[in-house]
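Observations on the three-dimensional arrangement
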Amino acid sequence: MRRVIVIAAAGLGLAGCSSFSLDAFKSAPPPVTVQLDSVPQGADARTSAGPSCKTPCSVEVPAAENFSVTFTLPKFQTATVPVTVTRTPGDFASPPTTTIDPNPVVAELQPLGPVKKAKNVRKRKPKPAAAAPAESPFPQPEAAPAR
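None of these values were measured; they are calculated from a predicted model.

Notes on the sheet that holds strand β1 (residues 31–39)
If you walk across this open sheet you meet the three strands as β4-β1-β8, and the pairing is mixed. Unpaired on one side and paired on the other, β4 (57–62) and β8 (105–108) mark the two borders of the sheet. For this sheet the average axis-to-axis angle between neighbouring strands, irrespective of direction, equals 30 degrees. As defined by bridge partners, β1 adjoins β4 across six bridges and the pair is classed as antiparallel. Opposite L36, over in β4, you have C57 as the bridge partner.

Laid out in structure tokens, this is it:
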């Protein structure tokens, strides 16, 4: 009987270990601060991770994955800058590090080209059909005498 209890306890113990994961002890990566700027300044900067602001500014984004920043300003072309997030895991001697490239994120916005206006095309009025004069010294071809 003692053997059955020991085997059952060992089986339950092994079954419990198979569902155990060390991921529960990992914390979410801390947010990192990214500086955003544009030339000219005053553009709306929106990250694909969510936060946005008006340049020059800084935002906090999660350091989990790469993202992009889109800069918009009226009368300027929209610019998107990809940002690479590199995480280096730490070991017993050093803490983990996160590198953002580029930081600061700067976009040079290009002005929109001049808008071409449609040419002012005049519509020509059709010429009125030439009317035969009321009295002509020449007879009409249909009215010519038959021979």
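Topic: the side chain of T47
Position of T47 among the secondary structure elements: in strand β2 (residues 44–47). Once residues lying within four places of it in the same chain are set aside, the contact partners of T47 are L36, V59, V61, F67, S68 and V69.

Topic: the state of the cysteines
One covalent bond between the sulfur atoms of two cysteine residues makes up a disulfide. Inspection of the entire model under this criterion finds one disulfide. Through a disulfide, C53 is tied to C57; the S-S separation comes to 1.8 Å. Judged by the sign of its S-S torsion, about 45 degrees, the cystine formed by C53 and C57 is right-handed. For the residue pair C53 and C57, the accessibility class agrees, reading buried in each case.

What to know about the sheet that holds strand β5 (residues 67–72)
Overall, antiparallel pairing links the five strands, which are arranged β3-β2-β5-β6-β7 in an open sheet. In this open sheet, the two strands that pair with only one neighbour each are β3 (52–54) and β7 (97–101). Strand-to-strand twist in this sheet, taken as the mean axis angle between neighbours without regard to direction, amounts to 20 degrees.

Definitions and limits used
Residues numbered from 1 in each chain as written. Predicted model: local features only at pLDDT ≥ 70, side-chain atom pairs only at ≥ 80, totals over all residues. Heavy atoms only, no water. Pairing = 2+ DSSP bridges. Helix = DSSP H or I, 4+ residues; strand = E, 2+ residues; numbered from the N terminus. Axes fitted to C-alpha atoms, helices over the stretch in contact; angles between N-to-C directions. Contact = heavy atoms within 4.5 Å. Disulfide = S-S within 2.5 Å. Buried < 20%, exposed > 50% of the residue type's maximum accessible area, 1.4 Å probe, protein only.

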